[in-house]
Amino acid sequence: MRSILYRHAIREALDEELARDDNVVILGEEVAQYNGAYKVTEGLWKKWGDKRVVDTPISEAGFIGMGVGASMLGVRPVMELMFWSFHSVAFDQLVNNAAFVRYMSGGLIHCPIVVRGPANGGTNVGATHSHTPEGLFASFPGLKVCSPATPADVKGLMKTAIRDNDPVYVMENTLLYGTEGPVPDPEDGDHLVPLGVADVKREGDDITLIAHGRSVLHALKAAEILDHDHDIDAEVIDLRSIRPLDEDAILDSVAHTNRAVVIDESKPFCGVSAMICTLLQEKAFDDLDAPILRVNSLDAPSIYSPGVENDQLPNPQRIVDKVLSIA
Amino acid sequence: MPAKKKSAAKKKQKSSPAKSRNEADKTSHPGGPHAEAEINRSFSDEQKVETFRTMARIRRFEQISLKHYNAGKMGGFLHLYIGQESVAVGTISLCGDHDHIITAYRDHGHALAVGMGMNECMAELFGKSTGCSKGKGGSMHYFAPDKNFWGGHGIVGGQTPLGLGLAYGLKYKDLKGCSLTFLGDGAINQGAFHESLNLAGLFDLPAIFIIENNGYSMGTSQKRSSVYPPGGLAQRAEAYGIDWASCMGENVYEVRAVTWEAMRRAHEESRPTVLEINTYRYYGHSVADANAKKYRSKEEVEKYQREHDPVQIWREILIAEGVLSEEKANKIDQEAKDEANAAAKFAEESPYPTVDDIMTDVYEEVDSGSEAGRTGTHFFNT
Ligand SMILES: Cc1ncc(C[n+]2csc(CCOP(=O)(O)OP(=O)(O)O)c2C)c(N)n1
Ligand SMILES: [Mg+2]
């Protein structure tokens, strides 16, 4: 299979969906003429023109709300947040309008939007630019959230998100944009990854490592170290989609490993990792031979300093240490 | 109070710096017509030279920081202010004890203009514990409340209600001062800014919003991000019943004269003003701006540097006035360079924060060990 970059996998998904459906329009800051702050939309404006790929002013509440409104008429806006961190200035549109319009209208209206962009720390841009809000948005019924770790998954999930009739928030990662991986050739048909389906990225019998986004890469690295240095065979579950969540994949894995560590770059309080722990204690209590442990970012705003930011984030060594404490 | 509408004719009089230099021969003052403004007549020779020194220091500080950024000594973003120095320096030179400053992420110029030291600023860029924010904030988040400088804010437009709040606080406490809130030409399209304008007008607050129009927000030219009313971007203020003015930014005298009018209004009448100060940035949006050479031509940048460079213009004016000599100007510049290099050395030799430091400065009550800080669990590290 050919191998492509994560950012190119997203671009390919956008390009294919622009071709498939005239209602798909890309909106965002610097997405057109500048080719995207992170070069995700490179070439799309040149190919599709002003109508389909639109540069907006720095007005997130305005253009995201505009996308929500247009979606009520059947337009399918795919909106880039240059950083997911900027969600806060558009929060009302992202939550009250996008998430709830269907419910408030008793199902009369739906909101087929996609909001996408990077949501990660690790690039020394400080607290205001390093948010990981997947748990925050997943906490609102009405929203779907995914956080793909590989080029194939981001392409397949992006295409699914665009075709989905509900709002889907895709959380990418600036540190993954330059990573490469196998992605099926478009000639072999549409590559779609459904929302709500996790992926076993590594099979193992001794412990389950549950992760999403870039933390999946850390979990895989930790699994290698555990295997090589400690003779521990870890299974790595990549959630891919946060809501809908693949409960079965998590429960099935823990049913045979009997141990779990959850790795989640977001802060520990009420995040995705806390949700997974609750799920396991409610539905897998009898399977567990040890407490479920977590590896999160240290519970403070994201520090700028390039000298220590990595120590605030999950990393393979922290995962290994955590596993060794229960295995 | 009705908004004062500035006529386009009046605006046109405002000379470009190149013009003001040419005109200098004709008018009695080498600094152009604004040099005759009352506020500039009381500007002492010593203060003028200090203003030049501050501009030279900003430029050298940033040039040296760029060198170290490129050498991989810093992380994240580095938004350079070079080309805009006269705006921060001219406006802030007017500030008294109760005047307060807040800006966005392009904050190095404002920081040095309020009197922050190069060492603490450089160390912050390097992410060191000796930095002004102990390495926690980085380039975009400088603060010096002891110097009435409230940051350094990374979210576009996010600082504008805070600037409004500084004005509210001053009025609440019966202090005769004002806030200067700086924002970019792209930032004026954030809702928070519009809400701030309405509140400023409605509550009669001594808030001055200074739009530093450098022509671009990242790769988007000003005309692609906002409709430009006949009077310029500041004219939006009219909708909120607020006074406004627009001027060129490269001549310190002009910046001071126009800003002082707004500050006087704030101090005497507790009324807000919106100013648009036209300027230009020489470098990319940030050093990481991969397209810096694509969305505008090399000629455009070079023309501005040749004809409108604020540091050069101020230097020439002061030399023509006899306040500064070539020799002294060179010496000041050399000292600025030496200071910046010394700051880089200081930063390099300083320690990084420790992992434990990550967990401090989150809650005041926890740091101070108060009863409140010891009641309940504040942190949930895993
Ligand atoms: C809410 C928000 N949206 C987007 C960004 C990304 N961003 C940072 S600076 C910038 C351009 C701002 O341009 P302008 O206001 O003209 O200021 P300048 O950079 O020219 O000083 C953008 C889009 C951000 N930091 N915050
Ligand atoms: Mg600008």
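Refer to the preceding data block for the structure.
This is a predicted model, so every value here is computed, not measured.

Caption draft 1: The environment of Leu18(A), seen in detail. Residues and elements named next belong to chain A. Inspection of the secondary structure assignment puts Leu18 in helix α1 (residues 6-20). Along the backbone, Leu18 and Ile162 are 144 residues apart, and their C-alpha atoms lie at a distance of 9.8 Å. Not counting residues up to four positions away in its chain, the partners in contact with Leu18 are Val24, Trp48 and Arg52.

Caption draft 2: Spotlight on the packing of helix α9 (residues 247-257) of chain A against helix α10 (residues 272-283) of chain A. All names here are of chain A. With their axes 11 Å apart at the nearest point, α9 and α10 run at an angle of 60° to one another. Accordingly, the angle class assigned to the pair α9 and α10 is oblique. Considering the relative orientation of α9 and α10, their crossing is right-handed. Contact with α9, carried on its side by Glu247, Ile250, Leu251 and Val254, involves Ile276, Leu279, Leu280 and Lys283 of α10 and no other residues of that element. Each residue belonging to the contact of α9 with α10 can be placed in one class, and the counts come to six nonpolar, no polar and two charged.

Caption draft 3: A look at the sheet that holds strand β11 (residues 234-238) of chain A. All names here are of chain A. The five strands are arranged β9-β11-β10-β13-β14 in an open sheet whose pairing can be described as mixed. Edge positions in the sheet fall to β9 (199-202) and β14 (293-296), since each has one partner strand and no second. Direction aside, the axes of adjacent strands within the sheet are offset by 25° on average. Pairing analysis gives four bridges linking strand β13 (residues 260-264) to β14, with the strands arranged parallel.

Caption draft 4: The arrangement of the site of ligand 1 in detail. Near ligand 1 lie 19 residues; those nearest to it are Val156(B), Gly184(B), Gly186(B), Ala187(B) and Ser217(B). Around ligand 1, the neighbouring residues derive from chains A and B rather than from a single chain.

The rules behind the values
Residues numbered from 1 in each chain as written. Chains lettered and ligands numbered in written order. Predicted model: local features only at pLDDT ≥ 70, side-chain atom pairs only at ≥ 80, totals over all residues. Helix = DSSP H or I, 4+ residues; strand = E, 2+ residues; numbered from the N terminus. Contact = placed C-beta atoms within 7 Å. Axes fitted to C-alpha atoms, helices over the stretch in contact; angles between N-to-C directions. Parallel < 35°, antiparallel > 145°, perpendicular 65-115°, else oblique. Left-handed = near helix turned anticlockwise from the far one by under 90°. Nonpolar A, V, L, I, M, F, W, Y, C, P; charged D, E, K, R; others polar. Pairing = 2+ DSSP bridges. Near = placed C-beta within 6 Å.

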